[in-house]
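Single-letter residue listing:
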Amino acid sequence: MNYKEKDYEFVYRQYTGIITKMRVGRIGRTGIKKIAKAALLLAVIIGIGNGIFKNNRFEYEKLDELNKAVFKKYESTARQTEHTPLYYPFYHLTSDTIWHLSFLSHNSTRKLSTPSSAWICNNVEYAYLDPTLWSMLQQSEYRRRLAEFIIEEKIKTATVGSRNLLRTFLAWLVAI
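All of the points below concern the structure found in this document.

## Things to note about the side chain of Asp96
Move 1: Topologically, Asp96 is positioned in the loop between α4 (87-92) and β1 (99-103).
Move 2: Separated by 3.4 Å, the side chain of Asp96 and the backbone nitrogen of Arg23 make a polar contact.
Move 3: Not counting residues up to four positions away in its chain, the partners in contact with Asp96 are Ile18, Met22, Arg23 and Lys37.

Given below as C-alpha cells:
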C-alpha cells in the first residue's frame, strides 16, 4: 500500500464515520428511516463513476433524474412509502458537513426548515462535496467501497427498529 492509498484509507474511514452518524428523518410513526440523503450520495457517486460529474459541482437539475432513479432502485428494499423530493436532501445534507451549497448571492437566505425546488433554483448555484471526499471519489475502488457502505449501512438498515403497521395501530389504540 503506497502513501496515497494510506491517505485514502484514512479519508474513507473518516467519511464512513460521518455517514454512519448522518441524521435522517423517519416515515411517520413507523420508525422506518428515510433514505433520501443516502440516495443523493449514491447518485453523486454513480454520476462521478459514469462521467456525468467531472468537477466537484452538482447542479440541482442535473442531479434530479439520477437521484430519482437511485431512489426508485432502493425504495422497496428500504420500505419507503413515499418519494422524498430532491430539494430536501439537497438542502439538509449540509448539516452533515460533507455537502456544501454555493449560493447565487451573499444575500441568499441560508437557514430554512423547509426548502423548496423553487428556493433551491433561486438561491443555490450548485452543491459540492468536501474537497478531500471529492478527491477520494476519483478512485474507482473507493467509489465502489463507499457506495457499498451506504447501501449496507443506510439503505438496508432503514427498517431496523421500525414498527410494523399492526404494532403501530395497536399502540395507537392503547394510547386512546
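Structure's up, so let's keep going.
## Some details on the packing of helix α2 (residues 36-49) against helix α3 (residues 60-74)
Move 1: Two numbers describe how α2 lies on α3: the axes approach to 8 Å, and their chain directions differ by 120 degrees. One finds that α2 runs oblique with respect to α3. Relative to α3, the crossing made by α2 is right-handed. Contact residues: Ala36, Ala39, Leu40, Leu42, Ala43, Val44, Ile46 and Gly47 in α2; Leu63, Leu66, Asn67, Val70, Phe71 and Tyr74 in α3.
Move 2: The class makeup of the residues in the contact of α2 with α3 is 12 nonpolar, two polar and no charged.

## Here's the deal with the side chain of Asp130
Move 1: Within the element layout of this structure, Asp130 appears in the loop between β2 (124-129) and α6 (131-136).
Move 2: The side chain of Asp130 sits in the buried core without any salt bridge; Lys37 is the nearest counter-charge, 14 Å away.
Move 3: Contact partners of Asp130, with chain neighbours within four places excluded, come to Tyr15, Asn56, Thr97, Ile98 and His100.

## A few points about the nonpolar core
Move 1: In this structure, Phe58, Leu63, Phe90, Trp99, Met136 and Leu146 are the most contacted members of the largest nonpolar core, which totals 51 residues.
Move 2: A total of nine residues in this core trace back to one element, the largest contributor, which is α2.
Move 3: Beyond its immediate chain neighbours, meaning those up to four positions away, Leu146 contacts Tyr12, Thr16, Ile19, Ile45, Leu133, Met136 and Leu137.

What counts and what doesn't
One numbering rule holds for all chains: residues counted from 1, following each sequence as written. The predicted origin of the model limits local features to residues at a pLDDT of at least 70 and limits the giving and counting of side-chain atom pairs to 80 or more, whereas totals for whole chains, interfaces and linings rest on all residues. The side-chain figures draw on all heavy atoms in the structure; neither hydrogens nor water molecules are used. The numbering of helices and of strands both runs from the N terminus, where a helix is a DSSP run of H or I of at least 4 residues and a strand a run of E of at least 2. Any pair of N or O atoms that falls within 3.5 Å is considered a polar contact. Within protein, one atom must be able to donate a hydrogen and the other to accept it, and sequence-neighbouring residues count only if both atoms are side-chain atoms. In this description, contact between two residues means that some pair of their heavy atoms is separated by no more than 4.5 Å. In this description, a line fitted to the C-alpha atoms serves as the axis of each element, helices being fitted only across the stretch in contact, and the angle between N-to-C directions of two axes falls anywhere from 0 to 180 degrees. In what follows, roughly perpendicular refers to angles from 65 to 115 degrees, roughly parallel to angles under 35, roughly antiparallel to angles over 145, and oblique to any angle outside these ranges. Throughout, a crossing is termed right-handed when the near helix is turned clockwise from the far one, and left-handed when it is turned anticlockwise from it by less than a right angle. Side-chain classes are defined by residue name, with Ala, Val, Leu, Ile, Met, Phe, Trp, Tyr, Cys and Pro counting as nonpolar, Asp, Glu, Lys and Arg as charged, and the others, Gly among them, as polar. The classification of residues rests on relative accessible area computed with a 1.4 Å probe and restricted to protein chains. Under 20% of the type maximum is buried, over 50% is exposed, and intermediate values are partly exposed. By the counting scheme adopted, Arg and Lys are positive, Glu and Asp are negative, and His together with the chain ends is not counted. The salt bridge criterion pairs a side-chain nitrogen of Lys or Arg with a carboxyl oxygen of Asp or Glu, the two atoms within 4 Å. In these notes, a set of buried Ala, Val, Leu, Ile, Met, Phe, Trp, Tyr and Cys residues joined through side-chain atoms within 4.5 Å is what counts as a nonpolar core.

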